[in-house]
Amino acid sequence: MTLAQQIDLSRTTDITPDGSDYETVRQVIEMLTLDYQSQPSLELIAERLGQSPTQLQKTFTRWAGLSPKAFLQAVTLDHAKRLLGREELPLLETSLELGLSGPGRLHDLFVTHEAMSPGEWKARGAGLTIRYGYHPSPFGLALVMITERGLAGLAFADEGGEVACFDDMAQRWPNAQYVEDMDATAAFATRVFHPERWSSEEPLRVVLIGSDFQIRVWESLLQIPLGKAVTYSDIAQKIGQPTASRAVGAAVGRNPISFVVPCHRALGKSGALTGYHWGLTRKRAMLGWEAGKG
């Protein structure tokens, strides 16, 4: 039986959270990004999507915790450049304030982590059993991958992209044994995507599987607070490799535990949101969602 057939058989309910909420939100984010200079009104966006302004406002606000207009102000590139240029915020010391969360907010996921040994990483997953499952999330379908030591992988797929998403992740550890086990991964999905489950008394355990350099970069990402962002050069400075900004960018792009290890909070030198392995629209969605939770 193929992976796609297994996925189909495992689904007994609609996996899209709140019906088509994420698809609606995705389209709104794309419009706000592409038409930023024209400042499209709620009415115009609703007309393009064939929805009423009131319904669209409710859907977006329920999902993100803030209105489309506030979302635009929170995460657009122009907003980032304004903070960098006019306010001259020192990124290395204070990070770029992209969101609306308060400065006293505790670390959002209360993550505790460990890294696999260099030998284990070089084995490319040999002797490792990785259980996986697909679960609904605020950012589309999430592929959750775990080992007996904790969360090892978190990726995202659009509808119809499940197999490609799995293949992308599995090629990172090609010698591992993969077992579909949605019952085992469900608890991790709940912990990650439901803020009421973020607790310092029950930290989320993750295991980092990568090279020594990659792990140092990923550990640095874990230190970026919710609602903040830093540049690749900041991270390079922090890990003691000030000339390695490009290598840092590559390591950020290879982060296997998206969202939890917040690579979406890393920006280009100019403050640009730059790329994201699972799509720039999804990166903007994550920043906006976090802004609404602050």
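Residues numbered from 1 in each chain as written. Predicted model: local features only at pLDDT ≥ 70, side-chain atom pairs only at ≥ 80, totals over all residues. Heavy atoms only, no water.

J.: Would you take a moment to explain the packing of helix α11 (residues 212-221) against helix α13 (residues 245-253) for this structure?
T.: Two numbers describe a pair of packed helices, the interaxial angle and the distance between the axes. It is at 9 Å that the axes of α11 and α13 come closest, and there the two elements cross at 75°. In terms of orientation, α11 lies roughly perpendicular with respect to α13. On α13, the residues touching Phe213, Gln214, Val217, Trp218 and Leu221 of α11 are Ala247, Val248, Ala251 and Val252. (Axes fitted to C-alpha atoms, helices over the stretch in contact; angles between N-to-C directions. Helix = DSSP H or I, 4+ residues; strand = E, 2+ residues; numbered from the N terminus. Parallel < 35°, antiparallel > 145°, perpendicular 65-115°, else oblique. Contact = heavy atoms within 4.5 Å.)

J.: Quick question: what am I supposed to make of the packing of aromatic side chains here?
T.: The description of an aromatic ring pair rests on the distance of the ring centres and on the angle between the ring planes. On inspection of all chains with the given rule, the structure shows 12 aromatic pairs. Here the aromatic rings of phenylalanine 156 and phenylalanine 193 are separated by 6.2 Å at their centres, their planes lie at 65°, and the arrangement is edge-to-face. With phenylalanine 156 in strand β5 (residues 150-157) and phenylalanine 193 in helix α10 (residues 182-193), this residue pair connects regions lying 37 residues apart in the sequence. Since its relative accessible area comes to 2%, phenylalanine 156 is described here as buried. In this structure an aromatic cluster arises from ring pairing among Phe60, Trp63, Phe139, Phe156, Phe193, Phe259 and Trp289. (Phe/Tyr/Trp six-rings, centres within 6.5 Å; stacked < 30°, edge-to-face > 60°. Buried < 20%, exposed > 50% of the residue type's maximum accessible area, 1.4 Å probe, protein only.)

J.: What is the right way to read helix α3 (residues 42-49) from this model?
T.: The periodicity of an α-helix, 3.6 residues per turn, causes residues three or four positions apart to be oriented the same way. Among all positions in α3, only Ile45, Ala46 and Leu49 are buried. Looking down the long axis of α3, one finds its buried residues gathered within 100° of arc, a one-sided arrangement. On its buried face, α3 is in contact with α2 (21-34) and α4 (53-64). One or two positions beyond α3, positive phi appears at glycine 50, with a value near 70°. (Arc of directions from axis to C-beta.)

J.: In this structure, what is going on with the nonpolar core? I would like to understand it.
T.: Note that soluble globular proteins tend to have their nonpolar side chains buried in a common cluster. Core analysis: the biggest nonpolar cluster contains 76 residues, and Phe139 and Leu154 have the highest contact counts within it. Beyond its immediate sequence surroundings of up to four residues, leucine 154 is in contact with Ala142, Leu143, Val144, Met169, Val192, Phe193, Pro256, Ile257, Ser258, Phe259, Val260 and Trp278. (Core = buried A, V, L, I, M, F, W, Y, C linked by side-chain atoms within 4.5 Å.)

J.: What is the right way to read the pattern of salt bridges from this model?
T.: Two side chains carrying opposite charge are able to pair once their charged atoms lie near each other. Considering all chains together, one arrives at 11 salt bridges under this definition. Arginine 149 serves as the salt-bridge partner of glutamate 120, at 3.2 Å between the closest nitrogen and oxygen. Here glutamate 120, found in helix α8 (residues 118-122), pairs with arginine 149, found in the loop between β4 (140-147) and β5; they are 29 residues apart in sequence, far enough to count as distant. The exposure class assigned to arginine 149 is partly exposed, which follows from its relative accessible area of 24%. Its salt-bridge partner being aspartate 181, residue arginine 131 comes within 3.4 Å of it at the nearest N-O pair. Linking arginine 131 in strand β3 (residues 129-137) with aspartate 181 in the loop between β6 (177-180) and α10, this pair joins segments that are 50 residues apart in sequence. Put simply, Glu114, Glu120, Arg149 and Arg205 are held in one network by salt bridges that share partners. (Salt bridge = Lys/Arg side-chain N within 4 Å of Asp/Glu carboxyl O.)

J.: Looking at this model, I keep getting lost on the pairing of β4. Mind explaining?
T.: Every other side chain in a regular strand lies on the same face of the sheet, so the side chains alternate between the two faces. Judged by how many residues are buried, β4 sits mostly within the fold: eight of eight residues are covered. Counting the residues between successive antiparallel strands, the hairpin from β3 to β4 contains two residues. Pairing of β4 with β5, which is carried by seven bridges, proceeds in the antiparallel orientation. Looking at β5, one finds that methionine 145 is bridged to glycine 153. Where β4 folds back on β5, the antiparallel hairpin that results is connected by two residues. (Pairing = 2+ DSSP bridges.)

J.: Is there a simple way to explain unusual backbone geometry in this structure?
T.: Peptide bonds are mostly trans, and most non-glycine residues show a negative phi. Despite not being glycine, arginine 124 has its phi angle at roughly 60°, a positive value. The residue arginine 124 is located in the loop between α8 and β3 in this model. Phi is positive for phenylalanine 259, which is not a glycine, with a value near 70°. Take phenylalanine 259: it is sitting in the loop between α13 and β9 (266-267).

J.: What exactly am I supposed to notice about the confidence of the model for the chain here?
T.: Detailed reading of the predicted coordinates is not advisable wherever pLDDT falls low. Per-residue pLDDT for the chain has a mean of 79; in total, 77% of the residues score no lower than 70. Long-range and interchain partners of residues 1-19, a stretch whose pLDDT sits below 50, account for 24 contacts in this model, where long-range means more than four residues apart. For residues 86-108, every residue scores under 50 in pLDDT, and the model assigns this stretch 58 contacts once sequence neighbours within four places are set aside. (pLDDT = per-residue confidence, 0-100.)

J.: Looking at this structure, I do not really get the packing of α2 against α4. What am I missing?
T.: Where α2 meets α4, the axes come as close as 10 Å, and the angle between the chain directions of the two elements is 100°. Between α2 and α4, the crossing angle belongs to the class labelled roughly perpendicular. For the pair α2 and α4, the contacting residues are Asp21, Tyr22, Thr24, Val25, Val28 and Ile29 in the first and Leu56, Thr59, Phe60, Arg62 and Trp63 in the second. Tallied by class, residues from the contact of α2 with α4 come to seven nonpolar, two polar and two charged. (Nonpolar A, V, L, I, M, F, W, Y, C, P; charged D, E, K, R; others polar.)

J.: Can you help me understand the environment of alanine 184 in this one?
T.: Among the structural elements, alanine 184 can be located in helix α10. In the structure, alanine 184 is positioned 52 residues away from tyrosine 132 in sequence and 8.0 Å away in space, judged by C-alpha atoms. With residues near it in sequence (within four places) discarded, alanine 184 still touches Arg131 and Ile146.

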